[in-house]
Amino acid sequence: MWKHVDRMRWRHHVLWGWLLAFLFAGFVAPAAPASSSFVARCELEGVVDAGSGAYLADCVKRAEEGGATALLVRLDTPGGSLEATRTVVRAFLGARVPVLVWVGPSGARAGSAGVFIALASNVAGMAPGTNIGAAHPVGPGGEDVEQVGGGQLARKVENDAVAFAEGIARQRGRNPEWAAAAVRDSASVPADRAVELRVVELVAPTEAAFLAAVDGRRVEVAGGDTVTLATRDAQVVPLEPGLSQQVVHALAQPSIIYLLFLIAALGLVVELSHPGAVAPGLIGGVALVLALMASATLPVRSGALVLMLVGVGLILAELFVTSGLLGAAGVGLLILGGVFLVDRFEPGWFVEPSFRLSWGVLLPTALVFAGSAAFIAYRSAQTRKLPQRGGDAGLVGEAGTALGPVTPSGGEVFVHGERWRAVSFTPIREGARVVVRAVEGLTLTVAESMP
């Protein structure tokens with residue numbers, strides 16, 4: 001009997017164990033695709049930086065491990081870091097799963113560094129109204145590299161990028177001449193023209209139309225294997241980026257870096273001028289750490305940061321001087337620092353000339369700083385004109401009551417909520433209203449006030 005009871009208990013525990021394991025798997029494990037054929041999907045929107053580069057490389061790995069039919073990448077980028085681009089290209093060229101790149105939706109672009117990513121795909125498509133190209137390295141104001149860094153540096157940067165683009169195009173069977181022209185001459189073409197030049201394979205208005213159009217194509221993946229695409233009715237499973245990848249990518253924006261450095265400078269300057277305030281220093285420190293993280297993904301000029309720091313300092317100095325000149329100079333330095341913040345002349349940086357700190361962020365931010373400083377300076381000037389309310393001088397003119405007779409030899413009065421020793425040149429009776437005429441140490445000189 002006891003053996004039967006033990007056997008029943010053992011079965012009971014096993015059943016509960018299986019139930020808990022099933023529930024735990026339901027919460028932790030990702031949901032399996034509804035169909036046996038599925039396409040993993042990820043997207044790159046914005047700058048090609050360390051975060052987005054790691055995300056795309058991770059998408060290739062996850063698609064391979066999950067047994068996806070293909071990896072679909074939606075692309076819309078002005079360009080970015082060449083090192084991050086190389087990371088993505090290496091992942092695409094070494095992928096054992098077909099990589100499909102679709103530039104979309106309409107109005108999107110595969111600019112500059114995005115050209116290399118599109119060329120590295122097995123099949124590339126573009127939505128109507130999109131463009132691809134302009135992969136030539138530029139200077140800080142959109143100038144040719146030769147104008148900024150000299151002919152030798154220009155040739156070195158350009159030749160390296162041309163070799164990179166041509167190598168990718170030849171490996172994927174695309175037009176190497178156009179790939180070289182995109183780097184040397186900033187060639188940029190719309191979707192229809194890109195198909196004619198064998199830069200991409202087709203034009204498709206939506207992702208679904210793109211997947212339907214590439215269905216049945218045979219492509220070669222890493223290792224020399226040939227795969228027939230089965231994407232028409234495949235389920236699309238999105239692959240989300242990790243938290244760190246999202247944070248790094250979100251911070252890689254000139255406007256974000258500009259605002260973070262301003263907040264950091266303002267908080268630290270206020271903390272240094274008012275030790276012990278804690279909050280400004282804490283906020284400034286956090287903003288500085290985030291700004292440094294963000295600046296690691298973009299080429300930021302240290303000189304521009306110095307200009308911004310000096311600008312914040314001049315605006316704060318205006319609060320004490322109220323001359324108007326310091327505040328105006330501070331605003332000018334904030335604007336100048338923002339203009340030169342991102343250094344697009346960088347050997348490892350390929351981005352369209354339009355990528356910069358927008359005036360829509362720069363001017364309002366500087367004007368808000370200027371307006372706040374002007375308002376505080378105006379209120380400070382008004383405060384200086386008011387009579388002093390604290391200290392010895394603040395007691396002069398205050399009214400009180402005689403607590404006893406006040407004579408030239410002494411007495412007591414009640415003034416400003418306190419008992420004071422007082423003297424008067426003329427005798428004052430107890431209970432009379434008095435007014436303070438002078439303060440000497442802890443003794444008040446008072447006179448009887450007129451009713």
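Just so it is clear, the model here is predicted, and its values are computed rather than measured. (Residues numbered from 1 in each chain as written. Predicted model: local features only at pLDDT ≥ 70, side-chain atom pairs only at ≥ 80, totals over all residues. Heavy atoms only, no water.)

Trainee: Explain the nonpolar core here, please?
Mentor: Nonpolar side chains in soluble globular proteins tend to be buried together. Among the nonpolar cores identified, the biggest contains 55 residues, and Leu 71, Phe 92 and Ile 132 are the most heavily contacted of them. Core analysis: the second largest hydrophobic core is formed by 27 residues, Ala 252, Leu 298, Val 331 and Leu 334 among them. (Core = buried A, V, L, I, M, F, W, Y, C linked by side-chain atoms within 4.5 Å. Buried < 20%, exposed > 50% of the residue type's maximum accessible area, 1.4 Å probe, protein only.)

Trainee: Is there a simple way to think about unusual backbone geometry in this case?
Mentor: Trans is the common state for peptide bonds, and a negative phi is the common state for residues other than glycine. Here the amide bond leading from Gly 104 into Pro 105 is cis, since omega sits at 0°, within 30 degrees of zero. Turning to its location among the elements, Pro 105 is positioned in the loop between strand 4 (99–103) and strand 5 (109–111). For Ser 112, which is not glycine, the phi torsion reads 50° and is therefore positive. Relative to the assigned elements, Ser 112 resides in the loop between strand 5 and helix 4 (113–119). (Helix = DSSP H or I, 4+ residues; strand = E, 2+ residues; numbered from the N terminus.)

Trainee: Before we go on, may I ask you to explain helix 12 (residues 279–295) in this structure?
Mentor: Side chains that are three or four residues apart share a direction in an α-helix, a result of its 3.6 residues per turn. With 17 residues, helix 12 extends 24 Å from end C-alpha to end C-alpha; this agrees with the ideal 24 Å at 1.5 Å per step. For helix 12, every residue scored as buried is listed here: Gly 281, Gly 284, Ala 287, Ala 291, Ala 294 and Ser 295. What you see down the axis of helix 12 is that its buried residues fit within an arc of 145°, all on one side. (Expected span 1.5 Å × (residues − 1). Arc of directions from axis to C-beta.)

Trainee: Hey, could you run me through the sheet that holds strand 9 (residues 202–203) in this one?
Mentor: Think of a sheet as strands paired side by side through backbone hydrogen bonds, with each pair either parallel or antiparallel. Taking strand neighbours across the sheet as the criterion, the six strands line up as 9-6-4-2-1-12 in an open arrangement whose pairing is parallel. Both outer strands of the open sheet, strand 9 and strand 12 (235–238), are each paired with one neighbouring strand and no more. Direction of pairing for strand 6 (residues 123–126) relative to strand 9: parallel, over a ladder of two bridges. Paired with Gly 125 across the two strands is Leu 202, which belongs to strand 9. Most of the contacts of helix 9 (residues 207–214) go to strand 4, to which it runs at about 140°, and overall it touches strand 1 (38–45), strand 2 (70–76), strand 4, strand 6, strand 9 and strand 12. (Pairing = 2+ DSSP bridges. Contact = heavy atoms within 4.5 Å. Axes fitted to C-alpha atoms, helices over the stretch in contact; angles between N-to-C directions.)

Trainee: When you look at the environment of Gly 223 in this model, what are you seeing that I'm missing?
Mentor: Its location among the elements puts Gly 223 in the loop between strand 10 (218–220) and strand 11 (226–228). Separated by 127 residues in sequence, Gly 223 and Arg 96 place their C-alpha atoms 7.3 Å apart.

Trainee: Can you walk me through the sheet that holds strand 16 (residues 418–423) in this structure?
Mentor: Reading around the barrel, the five strands line up as 14-15-16-18-17 and close back on themselves, with mixed pairing between neighbours. Averaged over all adjacent pairs, the angle separating strand axes in this sheet is 55°, with direction ignored. Of the pairings in the sheet, the one linking strand 15 (residues 412–415) to strand 16 comprises four bridges and is antiparallel in character. Residue pairing across strands places Phe 414 opposite Arg 419, the latter belonging to strand 16.

Trainee: What's the story with the pattern of salt bridges in this structure? I'm lost.
Mentor: Any two side chains of opposite charge can pair if their charged atoms end up close together. Tallied over the full model, the rule gives twelve salt bridges. A salt bridge links Arg 86 to Asp 160; the nearest nitrogen and oxygen atoms lie 3.1 Å apart. In this pair, Arg 86 is assigned in helix 3 (residues 82–93) and Asp 160 in helix 6 (residues 151–171), connecting sequence segments 74 residues apart. Arg 86 sits in the partly exposed class, given a relative accessible area of 23%. Owing to a relative accessible area of 39%, Asp 160 belongs among the partly exposed residues under this scheme. Arg 193 is the salt-bridge partner of Glu 196, the closest N and O atoms lying 2.9 Å from each other. In this pair, Glu 196 and Arg 193 are both assigned in helix 8 (residues 191–196), three residues apart and thus about one turn of the helix distant. Three or more residues joined by partner-sharing salt bridges are found here, namely Arg 41, Glu 43, Glu 45, Arg 74 and Glu 207. (Salt bridge = Lys/Arg side-chain N within 4 Å of Asp/Glu carboxyl O.)

Trainee: Got a minute to help me understand the packing of helix 2 (residues 50–66) against helix 10 (residues 243–251) in this structure?
Mentor: Where helix 2 contacts helix 10, the two axes come as close as 7 Å, and the packing angle between them is 140°. Considering the angle they form, helix 2 stands oblique to helix 10. In terms of crossing hand, the pair formed by helix 2 and helix 10 is left-handed. Contact residues: Ala 50, Gly 51, Ser 52, Ala 54, Tyr 55 and Asp 58 in helix 2; Gln 245, Val 248 and His 249 in helix 10. Classifying every residue of the contact of helix 2 with helix 10 by side-chain character gives four nonpolar, four polar and one charged. (Parallel < 35°, antiparallel > 145°, perpendicular 65-115°, else oblique. Left-handed = near helix turned anticlockwise from the far one by under 90°. Nonpolar A, V, L, I, M, F, W, Y, C, P; charged D, E, K, R; others polar.)

Trainee: What's the story with the UniProt feature "transmembrane region" (unreviewed entry) in the protein in this structure? I'm lost.
Mentor: The UniProt record marks residues 251–270, 277–298, 304–321, 326–345 and 357–378 with the feature "transmembrane region" (unreviewed entry), using the residue numbering of this structure. Taken end to end, residues 251–270 has its terminal C-alpha atoms 25 Å apart, with 90% of it in helix and 0% in strand. (UniProt positions renumbered as here; feature names shortened; annotations may be inferred.)

Trainee: I tried to follow the packing of helix 2 against helix 3 on my own but got confused; where do I start?
Mentor: Packing of helix 2 against helix 3 leaves a shortest axis separation of 8 Å and a crossing angle of 5°. Classified by the angle between their axes, helix 2 and helix 3 sit roughly parallel to one another. Seen from helix 2, the contacting residues are Ala 50, Gly 53, Leu 56, Ala 57 and Val 60; seen from helix 3, they are Ala 84, Thr 87, Val 88, Ala 91 and Phe 92. In the contact of helix 2 with helix 3, the residues fall into eight nonpolar, two polar and no charged.

Trainee: Please explain the packing of aromatic side chains as it appears in this structure.
Mentor: The relation between two aromatic rings is expressed through the spacing of the ring centres and the mutual angle of the planes. Applying the stated criterion across every chain yields a total of one aromatic pair. The ring of Phe 164 has Arg 86 lying over it, and the distance from NZ or CZ to the ring centre is 4.2 Å. (Phe/Tyr/Trp six-rings, centres within 6.5 Å; stacked < 30°, edge-to-face > 60°. Lys NZ or Arg CZ within 6 Å of the ring centre and 35° of its normal.)

Trainee: It is not clear to me how the confidence of the model for the protein should be interpreted in this structure. Could you clarify?
Mentor: A low pLDDT means the predicted coordinates there should not be read in detail. Per-residue pLDDT for the protein averages 80, and the proportion of residues at 70 or more is 78%. Across residues 1–35, confidence stays below pLDDT 50; counting only partners more than four residues off in sequence or on other chains, it has five contacts. Segment residues 139–150: pLDDT under 50, and 24 contacts once partners within four positions in sequence are set aside and those in other chains are kept. (pLDDT = per-residue confidence, 0-100.)

Trainee: What's the story with the pairing of strand 18 (residues 443–448) in this structure? I'm lost.
Mentor: Each regular strand carries side chains that alternate between the two faces of the sheet. Across three bridges, the pairing between strand 16 and strand 18 is parallel. Considered in strand 18, the bridge of Ala 422 is made with Leu 444. As paired strands, strand 17 (residues 433–440) and strand 18 are joined by six bridges and run antiparallel to one another. Residue pairing across strands places Val 439 opposite Leu 444, the latter belonging to strand 18. Between strand 17 and strand 18, which pair antiparallel and follow one another directly, the connecting turn spans two residues, one of which, Gly 441, has a positive phi of 65°.

Trainee: Is there a simple way to explain helix 14 (residues 325–339) in this structure?
Mentor: Along its 15 residues, helix 14 runs 21 Å from first to last C-alpha, staying within 8% of the 21 Å computed at 1.5 Å per residue. Residues Gly 327, Gly 330, Val 331, Leu 333, Leu 334, Gly 337 and Gly 338 constitute the buried set of helix 14. Down the axis of helix 14, the buried set is contained in an arc of 160°. They therefore lie on one face. Opposite the buried face of helix 14, at more than 90 degrees from it, the exposed residues are Leu 325 and Ala 328.

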